[in-house]
Amino acid sequence: DSGVTQTPKHLITATGQRVTLRCSPRSGDLSVYWYQQSLDQGLQFLIQYYNGEERAKGNILERFSAQQFPDLHSELNLSSLELGDSALYFCASSVQHRGMLVGELFFGEGSRLTVL
Amino acid sequence: AQSVTQLGSHVSVSEGALVLLRCNYSSSVPPYLFWYVQYPNHGLQLLLKYTSAATLVKGINGFEAEFKKSETSFHLTKPSAHMSDAAEYFCAVSEPGGNEKLTFGTGTRLTIIP
């Protein structure tokens, strides 16, 4: 158990819909990362938050957004869903010192999104 | 920008045989390097990491990796494969001192033959 909690574990929805994925980082970790894992794209970094602020952005679509709340949990919002958004979405957290990565990422078990 | 290349998307070895999973990196600065393992329907778990200390790094479950700057490599090895090692393995790189994410390779699926 990594200590990172993601909900829901599975989600099935239709094209055009909107979903929210939730992540609770390990106790004490200020940084949260979101990754998308799909068969054709592999593990793609989406976005990182540090202590409530966006820190780095990767291959995140404009239809997707995220935020980190004062209690440090994070949500990833996916809207106008397309078939190609079907993937496993991972959240990870890390210990950072003065905003810099000092160690490894701890991953949650993922949220599997299926868009029909 | 940093990147990693994993040679071989699928590797099969017999139980008890040597496991060798290859990873080469590209980075403008001396990197931090990681190997993660993903079991079916689970998240990624750290096997080991290199953060500029000893070049031979030992990890969990009998795995180790050697950082070779001259070859820009960080190959993962295990002397004797076990059935429980069947999983997908990812090499990842980050730039020390930066606040950026890990960049992952495309993964290598390891199959153990009884």
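Heads up: the structure comes first, above all this text.
Predicted model only: the values in this text are computed from it and were never measured. (Residues numbered from 1 in each chain as written. Chains lettered and ligands numbered in written order. Predicted model: local features only at pLDDT ≥ 70, side-chain atom pairs only at ≥ 80, totals over all residues. Heavy atoms only, no water.)

*Asks:* Where do I start with the pairing of strand S6 (residues 53-57) of chain A in this structure?
*Replies:* Consecutive residues of a regular strand have side chains that alternate between opposite faces of the sheet. Bridge analysis of strand S5 (residues 42-50) of chain A against S6 of chain A gives four bridges, and the strand direction is antiparallel. For tyrosine 50 of chain A, the partnering residue across the bridge sits in S6 of chain A and is glutamate 53 of chain A. (Pairing = 2+ DSSP bridges. Helix = DSSP H or I, 4+ residues; strand = E, 2+ residues; numbered from the N terminus.)

*Asks:* What am I meant to see in the side chain of histidine 75 of chain B here?
*Replies:* All names here are of chain B. When you line up the elements, histidine 75 lands in strand S8 (residues 73-78). With a relative accessible area of 18%, histidine 75 lands in the buried category. Looking at histidine 75, its side chain comes within polar contact range of the main-chain nitrogen of cysteine 23, at 3.0 Å. Excluding anything up to four places from it in sequence, histidine 75 contacts Leu20, Leu21, Arg22, Cys23, Asn24, Trp35, Glu64, Ala65 and Glu66. (Buried < 20%, exposed > 50% of the residue type's maximum accessible area, 1.4 Å probe, protein only. Polar contact = N/O pair within 3.5 Å; in protein donor to acceptor, adjacent residues only side chain to side chain. Contact = heavy atoms within 4.5 Å.)

*Asks:* Would you take a moment to explain the sheet that holds strand S7 (residues 64-68) of chain A for this structure?
*Replies:* Note on sheets: strands pair through backbone hydrogen bonds, and any given pair is parallel or antiparallel. All names here are of chain A. Here four strands make up an open sheet; going across it, the order is S1-S3-S8-S7 and the pairing antiparallel. The open sheet terminates on both sides in strands that have one partner only, identified here as strand S1 (5-7) and S7. Looking at each pair of strands side by side, their axes are set apart by 15° on average, direction ignored. The sheet contact formed by S1 and strand S3 (residues 19-24) spans three bridges and is antiparallel. Directly across from threonine 7, in S3, lies its bridge partner arginine 22. (Axes fitted to C-alpha atoms, helices over the stretch in contact; angles between N-to-C directions.)

*Asks:* Would you take a moment to explain the sheet that holds strand S3 (residues 19-26) of chain B for this structure?
*Replies:* Residues and elements named next belong to chain B. Spatial strand order, S1-S3-S8-S7-S6: five strands in an open sheet with antiparallel pairing. Two strands bound the open sheet, and with one partner strand each, they are strand S1 (3-7) and strand S6 (56-58). Between one strand and the next, the sheet's axes are offset by a mean angle of 20°, whatever the strand orientation. Pairing geometry for strand S7 (residues 64-68) and S8, over five bridges, is antiparallel. Within the sheet, the bridge partner assigned to glutamate 66 lies in S8 and is histidine 75.

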